[in-house]
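# Structural features, examined
For reference, the chains in residue letters:
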Amino acid sequence: MKLELRNVRKSFEERVVLAGLDLEVNAGEVVSFIGSSGSGKTTLLRCVNLLEPIDDGAIFLEGDEISSIGRDPNPIRRRIGIVFQSFNLFPHMSVRRNITLALTQVVKKSVDDANEIAISLLKRFGLDEKIDSYPDQLSGGQQQRVAIVRALAMNPEVLLLDEITSALDPELVGEVLDVVRELKGSGITMLIATHEMNFAREISDRVCFLDAGKIAEQGSPDQIFNNPIDERTRQFLRRVQAVGKT
Amino acid sequence: MPRLPRWDRVRESFFNRERLIDSFPRLLDAFVLDIKIFAWSTPAIIALALVLAIARSSRNPALFPIRIFVIGYIDIMRGVPVILWIYLIGFGVPGVGLERPFNSPLLWGSVALVLTYGAYIAEVFRAGIDSVHESQRAASRSLGLSNSQTMRFVILPQAIRRVVPPLMNDLVSLQKDVALVSLIGPIEILRQANIDKAKFANFTPYIGAAIIFLMITIPLTRTTDYLLARERKRTSATRVR
């Protein structure tokens, strides 16, 4: 078991976002989370990365409880990368520095080694020409691809993708999704929160429908999208179909 | 036009050409001391302000007492007029019987400026730190950088860039407030103007001092405006007419 969430609870003030969520993810598995806004997708991913402390329950990475209070989150975060909806590149740093910062400061690699990693990853995703550009000089799609490269540079075992195409113009969505397609099968475990139903159907080994802070239904993409059992899943899919998002 | 029967006398005692020409070189000489005080105080002020702002913005629960101390310090320094601190520190500290050169009013006047302006400018830096979006911190921490690495590499560089214009505003104020140190002794431009005034029973040296201050503060202010405009252009969308 790569990752396990047991009875995870998280509230913001009075609002319950995760209401005792259980989840098991195998190594190399690609799991997508769908559900309406506020169903807890983003919070779930942020909790796994320890950006949000959980109120109750436990999170295990390869059987090791990473959510216990007082544990240094930094070595754990090295193993779990996250890509955000709004890219969150560092605007005052070049693409190169965005990617090498954590390599030199956290993993203590030499500048040359870090550069080499940055260059080879950028090449792999067709961004090597942009290495000395600043984020403002890139399109949204390019920025998001750089953000993915930045997370990958740390060679994480788990990659969390938090609605990574939601802030993009429609014509830029494809190039970002191509990066994720390329990553699938490389052995990395991916948790994907998304509104792109077609993409979730195509890329996922498993799809989870979140409702009211719990996994209401999960199964293969075929089962969730073609034969949903839970009434809430059906309603949700009908709604997104109505606005043409599948 | 109302009649100003005593205008001739005012012109004679405030705008006396001869007195101005006579005093101006002495005032300029004395102004060198103002510039010196400004020059050595500013780096100390910036350093102190940064330390205060970083301490105040820290999130480590263990540093809570330090945060309280810093907040108290900033409130107290900012809540009392600068001139009062110059009196209290400039007269008070040497009063404990320090030997030369540690009893110099120049030294303790400068220290008073550093302690007060450090508090003012700490608030400028803190506003800058707060203005950096939380998502930048999230991105940095998610890569495994520690809190202090995040502050050093991600937050502070962005924060400082943003606060350069308001910082310049405060430095213009400092440039003028340096003259307050004259009140505890050192012969800088304001004191020199006072001496000349007394000697010739004529107020024109004050006008001379004002001109010299303006020669520095107006270019500084214009530079600040330019930086502000550039920052606004950079961060906001197309200007609405």
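Summary of the structure given here.

About the cut-offs
- Residues numbered from 1 in each chain as written.
- Chains lettered and ligands numbered in written order.
- Predicted model: local features only at pLDDT ≥ 70, side-chain atom pairs only at ≥ 80, totals over all residues.
- Core = buried A, V, L, I, M, F, W, Y, C linked by C-beta atoms within 7 Å.
- Buried ≥ 20, exposed ≤ 12 C-beta atoms within 10 Å, placed from the backbone.
- Helix = DSSP H or I, 4+ residues; strand = E, 2+ residues; numbered from the N terminus.
- Contact = placed C-beta atoms within 7 Å.
- Nonpolar A, V, L, I, M, F, W, Y, C, P; charged D, E, K, R; others polar.
- Pairing = 2+ DSSP bridges.
- Axes fitted to C-alpha atoms, helices over the stretch in contact; angles between N-to-C directions.

## Some points on the nonpolar core
- With 103 residues, the main nonpolar core has Leu160(A), Leu161(A), Leu191(A) and Phe125(B) as its most contacted residues.
- Tallying contributions element by element places helix 5 (residues 105-131) of chain B first for this core, with 11 residues.
- If near-sequence neighbours (up to four positions away) are discounted, Leu161(A) is found in contact with Val83(A), Val180(A), Met190(A), Ile192(A) and Ala193(A).

## With respect to the interface of chain B and chain A
- Taken together, the 16 residues of chain B in the interface contact 16 residues of chain A.
- Breaking the side of chain B that touches chain A down by element, the ones donating at least two residues are helix 6 (134-142) and helix 7 (147-177) of chain B.
- Across the side of chain B that touches chain A, the residue classes tally to seven nonpolar, seven polar and two charged.

## As for the sheet that holds strand 5 (residues 64-65) of chain A
All names here are of chain A.
- With antiparallel pairing, the four strands of this open sheet are ordered in space as 2-1-4-5. Looking at which strands have only one partner, the edges of the open sheet turn out to be strand 2 (15-25) and strand 5.
- As paired strands, strand 1 (residues 3-12) and strand 2 are joined by eight bridges and run antiparallel to one another. The residue bridging Phe12 from the neighbouring strand is Arg15, located in strand 2.
- Across the sheet, helix 1 (residues 41-48) touches strand 1, strand 2 and strand 4 (56-61), and the angle it forms with strand 2 is around 65°.

## Some remarks on the sheet that holds strand 7 (residues 158-162) of chain A
All names here are of chain A.
- The sheet built from six strands is open, its strands ordered 6-7-8-3-9-10 with mixed pairing. Single-partner strands in this sheet number two, and they are strand 6 (80-83) and strand 10 (214-219). Averaged over all pairs of adjacent strands, the angle between their axes in this sheet comes to 20°, without regard to strand direction.
- In the packing of helix 1 onto the sheet, the strands contacted are strand 3 (30-34), strand 6, strand 7, strand 8 (189-193) and strand 9 (206-211), and the crossing angle to strand 8 comes to about 145°.

## With respect to the environment of Gln85(A)
All names here are of chain A.
- By the secondary structure assignment, Gln85 is in the loop between strand 6 and helix 3 (95-105).
- For Gln85 and Leu168, which are 83 residues apart along the polypeptide, the C-alpha to C-alpha distance reads 8.9 Å.
- Setting aside chain neighbours within four positions, we find Gln85 in contact with Asp162, Glu163, Ile164, Ser166 and Ala167.

## A closer look at the pairing of strand 1 of chain A
All names here are of chain A.
- A loop of two residues connects strand 1 with strand 2, the two strands running antiparallel in sequence, and Glu13 in this loop sits at a positive phi of about 55°.
- Pairing of strand 1 with strand 4, which is carried by five bridges, proceeds in the antiparallel orientation. Paired with Arg9 across the strands is Asp56, a residue of strand 4.

## Some remarks on unusual backbone geometry
All names here are of chain A.
- Even without being a glycine, Lys108 presents a positive backbone phi close to 60°.
- Relative to the helices and strands, Lys108 is located in the loop between helix 3 and helix 4 (111-124).
- The exposure class assigned to Lys108 is exposed, which follows from the 9 C-beta atoms found within 10 Å.

## Examining the environment of Ser110(A)
- Note on placement: Ser110(A) falls in the loop between helix 3 and helix 4.
- In this structure the C-alpha to C-alpha distance between Ser110(A) and Leu160(A), which are 50 residues apart in sequence, comes to 27 Å.

Function cannot be inferred from these measures alone, as they are strictly geometric.
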